[in-house]
Amino acid sequence: MSVAFPQPDAATSPMAIAAGPADRMLAFGPNGTTSLSAFLGEVRALAARLDASECVVNLCEDRHRFLTGFCAAALRGKATLLPPSRAPEVVADVRRRHPSSHVLDDAAVAAVIADAPMEVDAIPEVAANALAAIGFTSGSTGVPQANPKTWGTFATSTAQNLAALRDLWPADVQAQIVATVPPQHMYGMELSVLLPLLGGAAVHEARPFFPADVARALADATHTRLLVTTPVHLRALVNSGVALPPLAGIVSATAPLPMELAREAESRFACEVRELFGSTETCVFARRRTARESAWTPLPGVRVAAVEDATEVRAAHLPAPVLLADRVEVDAAGRFELRGRQADLLEIAGKRASLGDLTRRLLEIPGVEDGCVFQLDAVPGGIARLAALVVAPSRGEHEILQALRGGIDPAFLPRPLRKVVALPRNETGKLPRAELLALLRRSG
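Cut-offs used in this document
- Residues numbered from 1 in each chain as written.
- Predicted model: local features only at pLDDT ≥ 70, side-chain atom pairs only at ≥ 80, totals over all residues.
- Heavy atoms only, no water.
- Helix = DSSP H or I, 4+ residues; strand = E, 2+ residues; numbered from the N terminus.
- Rg over C-alpha atoms; globule rule 2.2 N^0.38 Å.
- Buried < 20%, exposed > 50% of the residue type's maximum accessible area, 1.4 Å probe, protein only.
- Contact = heavy atoms within 4.5 Å.
- Lys, Arg positive; Asp, Glu negative; His and termini not counted.
- Charge placed at Lys NZ, Arg CZ, Asp CG, Glu CD.
- Pairing = 2+ DSSP bridges.
- Axes fitted to C-alpha atoms, helices over the stretch in contact; angles between N-to-C directions.
- Expected span 1.5 Å × (residues − 1).
- Polar contact = N/O pair within 3.5 Å; in protein donor to acceptor, adjacent residues only side chain to side chain.

### Examining the overall build of the protein chain
Then, in step 1: Within the protein chain, the secondary structure is distributed over 12 helices and 26 strands.
Then, in step 2: Against the 2.2 N^0.38 benchmark of 22 Å for 444 residues, the protein chain shows a C-alpha radius of gyration of 22 Å, consistent with a compact globule.
Then, in step 3: Seen through its principal axes, the protein chain has C-alpha atoms that stretch 65 × 50 × 45 Å.
Then, in step 4: Counting every position in the protein chain, which comprises 444 residues, the buried fraction comes to 53%.
Then, in step 5: In the protein chain, 63% of the contacts between residues at least 6 apart in sequence involve partners at least 24 apart.
Then, in step 6: In the protein chain, 45 positive and 47 negative side-chain charges are present, and the distance between their average locations comes to 5 Å.

### Here's the deal with the environment of A132
Then, in step 1: With respect to the helices and strands, the residue A132 is situated in strand 8 (residues 131-136).
Then, in step 2: It is 31 Å that separates the C-alpha atoms of A132 and L338, two residues lying 206 residues apart in sequence.
Then, in step 3: Not counting residues up to four positions away in its chain, the partners in contact with A132 are F70, A79, T80, K149, T150, W151 and F154.

### Let's talk about the sheet that holds strand 10 (residues 176-179)
Then, in step 1: If you trace the 9 strands from one edge of the open sheet to the other, you get 3-2-11-10-12-13-14-15-16, paired in mixed fashion. Taken across any chain shown, the strands that pair with only one partner, and hence form the sheet edges, are strand 3 (32-35) and strand 16 (297-298).
Then, in step 2: Note that strand 13 (residues 249-252) and strand 14 (residues 273-279) share 3 bridges and pair parallel. Residue pairing for strand 14: S252 is matched across the bridge by E275.
Then, in step 3: Helix 6 (residues 186-198) contacts strand 2 (25-29), strand 10, strand 11 (202-204), strand 12 (225-229), strand 13, strand 14 and strand 15 (283-288) of the sheet and is inclined by roughly 160° relative to strand 10.

### Notes on the sheet that holds strand 8
Then, in step 1: With respect to topology, 5 strands assemble into an open sheet ordered 6-4-5-8-9, the strand pairing being mixed. Strands at the two margins of the open sheet, each flanked by one partner only, are strand 6 (101-104) and strand 9 (146-150). The mean inter-strand angle of the sheet, taken between neighbouring strand axes irrespective of direction, is 25°.
Then, in step 2: In the sheet, strand 8 pairs with strand 9 via 5 bridges, with the strands oriented antiparallel. Paired with A133 across the bridge in strand 9 is K149.

### Digging into helix 2 (residues 63-75)
Then, in step 1: Over its 13 residues, helix 2 extends 18 Å from the first C-alpha to the last, a length consistent with the 18 Å expected when each residue adds 1.5 Å.
Then, in step 2: Of the positions making up helix 2, those classed as buried are R63, H64, F66, L67, T68, G69, F70, C71, A72, A73 and A74.
Then, in step 3: A side-chain oxygen of the first residue of helix 2 lies 2.9 Å from the backbone nitrogen of H64; this N-cap is D62.
Then, in step 4: Note on helix 2: the residue one or two positions beyond its end, G77, has a positive phi of about 75°.

### Remarks on the side chain of E275
Then, in step 1: Mapped onto the secondary structure, E275 falls in strand 14.
Then, in step 2: When its relative accessible area of 2% is taken as the criterion, E275 is described as buried.
Then, in step 3: Side-chain polar atoms of E275 contact the backbone nitrogen of L257, separated by 3.0 Å.
Then, in step 4: Of note is the side chain of E275, whose polar atom sits 2.6 Å from the side chain of T290.
Then, in step 5: Contacts of E275, omitting those with residues within four sequence positions, involve S252, A255, P256, L257, A286, R287, R288, T290 and W296.

Written as structure tokens, this is what we have:
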């Protein structure tokens with residue numbers, strides 16, 4: 001489907017909250033499809049029921065209901081708050097920061113849209129400078145930081161994302177998205193909320209987790225399937241042996257995708273795996289085909305520069321340059337390669353390594369299904385030791401350490417190294433430091 005994106009000349013210019021003809025499919029699932037016009041009727045019904053609070057905390061797991069709550073909030077001039085997780089204490093912290101907020105969950109939205117009175121063909125408009133959402137960083141390096149996004153910002157970033165993915169499916173054909181990531185995460189928001197809303201795609205209402213669930217959700221699509229996922233979910237799919245319907249492509253983000261895994265997935269599922277790079281602060285700003293290249297290509301209108309031990313990102317959708325903690329090397333054409341994060345660099349006895357590289361070497365050991373090398377808190381007068389947690393049912397801890405010893409300096413061998421049943425990954429596959437430390441204590 002060809003989509004004309006709103007590109008307002010002024011910040012206050014009106015823009016439509018959805019793109020495409022009223023009769024196009026917006027959402028689908030095992031019980032059928034929902035057209036854009038039927039969806040807009042549900043949005044108006046829910047908007048009429050929202051209270052006078054300034055913000056909405058949208059906790060809906062069903063993507064159709066999340067979309068309905070997101071757009072209903074916009075019609076009432078409310079921003080949607082996106083907590084970094086659904087944990088009660090995290091949600092409570094977000095609400096403390098925004099006392100005038102109202103929580104929307106699946107039950108609340110379902111009760112209203114079940115009785116939505118009519119379809120609506122006229123697509124509502126909002127001001128381009130209206131606050132659409134506030135995303136929060138994960139807080140892994142400190143207190144979660146708020147990142148406001150306007151509708152104009154989202155319109156521009158969605159156009160860039162569409163440009164980064166559009167060649168994966170035929171022209172004038174609608175992509176049907178199945179996503180394993182939550183809509184509250186910025187990657188999930190961009191690819192499974194905004195791309196269907198402003199980019200003309202359709203999206204599956206569920207968030208499948210296990211490989212068999214992903215296969216069933218993909219089977220609900222009729223054609224041009226696009227799987228939006230993470231390296232953790234992709235590895236589970238590859239290792240499961242589950243058969244998937246034909247795919248137009250697989251999109252991965254939230255954590256580094258190993259080249260070997262990308263190659264295995266492309267071979268296994270007969271489609272391209274395209275990795276996206278971004279953050280809550282910047283949204284998606286670069287892409288690569290990881291099975292064939294290590295360098296990232298910035299999206300149209302994006303410039304990336306190395307600034308000391310950080311990365312500066314400039315883009316049309318960003319009101320000001322953003323500095324990220326990643327270290328990059330940029331070539332003459334503007335493409336870049338990641339060189340780790342300053343916080344990941346280690347120096348012990350005059351020798352250097354990085355946590356990312358050590359974890360990569362751990363994952364390359366045959367029999368290791370998942371794992372992570374991390375740094376413990378430093379003791380007074382000493383250095384911070386390294387530790388590792390490993391999922392490897394067929395290998396012993398001593399075997400794994402011996403395998404690591406062959407490829408890294410002894411100064412960087414993780415001690416302790418503990419086998420566990422599973423790592424404490426969150427909804428997007430990331431590993432909160434507090435959870436790693438707690439699991440290490442329990443497994444000792």
